[in-house]
Structure formats: structure tokens, C-alpha cells
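Chains, contacts and geometry: an overview
Chain residues, written in single-letter form:
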Amino acid sequence: DAGVIQSPRHEVTEMGQEVTLRCKPISGHDYLFWYRQTMMRGLELLIYFNNNVPIDDSGMPEDRFSAKMPNASFSTLKIQPSEPRDSAVYFCASTNLNGAAGGYTFGSGTRLTVV
Amino acid sequence: SQQGEEDPQALSIQEGENATMNCSYKTSINNLQWYRQNSGRGLVHLILIRSNEREKHSGRLRVTLDTSKKSSSLLITASRAADTASYFCATLEYGNKLVFGAGTILRVKS
């Protein structure tokens, strides 16, 4: 398995633009998580899905952020409009119930810079 | 929000020495996990300890868990330069929600 795949690896965009981050979880994993990492706030859980259904989105900072999981192999995190304070590394991770015993698998992240 | 606090924030040791990192958390947990993150990379799962376990080993790693004190420690024995990375503890709350601490930056000098 290629692991959790995120795209793009780097994104530079201007304030006010829409940004879409993409994630392909490991096949067979039924949980998918979106995290944001910054120096100031560390790793924050934004939202997670179980069987494509959003379970907890309490970490989503504002209405500008939205996430979808249209099927078991794809998820998106969208920011519209983007702001400079959204600059961070965004990670996607997946697991299954047995993964609670084996840990979560993280993607390589998307480094977002909003100028 | 972050669940745990890690101590120390940064640690610098010589190759061959042991490195100990500590983690404290606040709520009841299902299990506690440790992850490593190399600079500019994603997180890699190292080891998991369940709430009913007290100690676990994996290669040069030893993890302890004290649920009465809500704390855990990660010991890396005979450290190598390649162990240089950030180390995070993460607690699995009920509902499969994994919450991370602030991390310890480990530097192993060769």
C-alpha cells in the first residue's frame, strides 16, 4: 500500500482565494482525520470521519473551513476565503478500529502558505 | 485542543546516551501512543500502550503508563543520530479521537 496520499505537497495562494487540499486514505481504513500543525498551536484535530460520515467537526476553526468525504477513498478540506493565519501544514491520517491498536497512518502533509 | 503536556520541550544528548521524554494528560483514555516526526515530514507511529498496561517495549523503545498520575514516559536507549526528531505523545479518547501533546524536540549529537 502506498500509504496515505495527500496533494498538493505545497500550496502558495493569495489571501481571499479558495484552497482545496486532498487526501486518499489507506484502503480498508474507515476513519479519516484532518489535522493542522503550526508552531503556535501544535497539532490540532480539525475534523474526523467514520465510514465517510463526519463525526466530530468541533475543531474546525471557522465557517471558512469545510471538509467532505464523498467516498471511502477520497476526502477534501476546503478553505474559502483563505487568510494568512491559515498558513500551516495540514495532515490527513487514517485508521480502522483495529488501528486503535496499531496506530494511525499519516500522510506527508500539505504545507499551505497564504500571502 | 491539546490533551497532553510534554517535558522537556527540548533535549540534547550525545549518541549512545538514553533519552527520556515525559507526557501528562488530563482525561480518561483508551490508549496512549507515541509518534516521531522528522523535520518537514509526516508523523510516524512508534508504539501504543493500552490503558490497562503499565509498560511496553519495542526494540530500543520503552514506554510506561501511570493512569493514576495520568502520565507516560518514552525511553529511547542507546540513542543514534538518526533518532533526532520531534516526539509526540497522543491520547486516544473514546470515539477514536487522537489528541496530541506539544512534543519534545530531541537532538542526538554524534
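A brief look at the structure comes next. Bear in mind the structure is a predicted one, so any value in this text is a computation, not a measurement.

With 19 residues of chain B at the interface, the matching set in chain A holds 22 residues. Of the roughly 1700 Å² buried at the junction of chain B and chain A (both faces included), carbon and sulfur atoms supply 50%. For the chain B face of the interface with chain A, the top three residues by lost area are Leu43(B), Asn96(B) and Lys97(B), together amounting to 32%. Across the contact surface, chain B and chain A share one salt bridge. A salt bridge links Asp56(A) to Lys97(B), with the nearest nitrogen and oxygen atoms 3.0 Å apart. On inspection of chain B and its partner chain A, the count reaches four residue pairs in polar contact (both at pLDDT 80 or more). A per-class count over the side of chain B that touches chain A returns seven nonpolar, nine polar and three charged.

Attention now moves to the pattern of salt bridges. Residues and elements named next belong to chain A. What the rule picks out here adds up to eleven salt bridges over all chains. Residues arginine 64 and aspartate 86 are paired through a salt bridge, measuring 2.7 Å at the closest nitrogen-oxygen approach. Pair noted here: arginine 64 is in the loop between strand S6 (53-56) and strand S7 (65-71) and aspartate 86 is in the loop between strand S8 (74-79) and strand S9 (88-95), with a separation of 22 residues, a long-range link. The burial state of arginine 64 is the same as that of aspartate 86; both residues are buried. With a closest N to O distance of 2.6 Å, arginine 85 and glutamate 83 form a salt bridge.

Moving on, we come to the sheet that holds strand S8 (residues 71-76) of chain B. All names here are of chain B. Spatially, five strands are ordered S1-S3-S8-S7-S6 in an open sheet, and the strand pairing comes out antiparallel. Looking at strand neighbours, the two that pair on one side only are strand S1 (5-7) and strand S6 (55-58), the edges of this open sheet. Direction aside, neighbouring strands of the sheet carry axes that sit 15 degrees apart on average. Inspection of the sheet shows strand S7 (residues 61-66) paired to S8 by six bridges, in the antiparallel sense. Looking at S8, one finds that leucine 65 is bridged to serine 72.

Definitions and limits used
- Residues numbered from 1 in each chain as written.
- Chains lettered and ligands numbered in written order.
- Predicted model: local features only at pLDDT ≥ 70, side-chain atom pairs only at ≥ 80, totals over all residues.
- Heavy atoms only, no water.
- Contact = heavy atoms within 4.5 Å.
- Buried area = accessible area lost by both parts, 1.4 Å probe.
- Salt bridge = Lys/Arg side-chain N within 4 Å of Asp/Glu carboxyl O.
- Polar contact = N/O pair within 3.5 Å; in protein donor to acceptor, adjacent residues only side chain to side chain.
- Nonpolar A, V, L, I, M, F, W, Y, C, P; charged D, E, K, R; others polar.
- Helix = DSSP H or I, 4+ residues; strand = E, 2+ residues; numbered from the N terminus.
- Buried < 20%, exposed > 50% of the residue type's maximum accessible area, 1.4 Å probe, protein only.
- Pairing = 2+ DSSP bridges.
- Axes fitted to C-alpha atoms, helices over the stretch in contact; angles between N-to-C directions.

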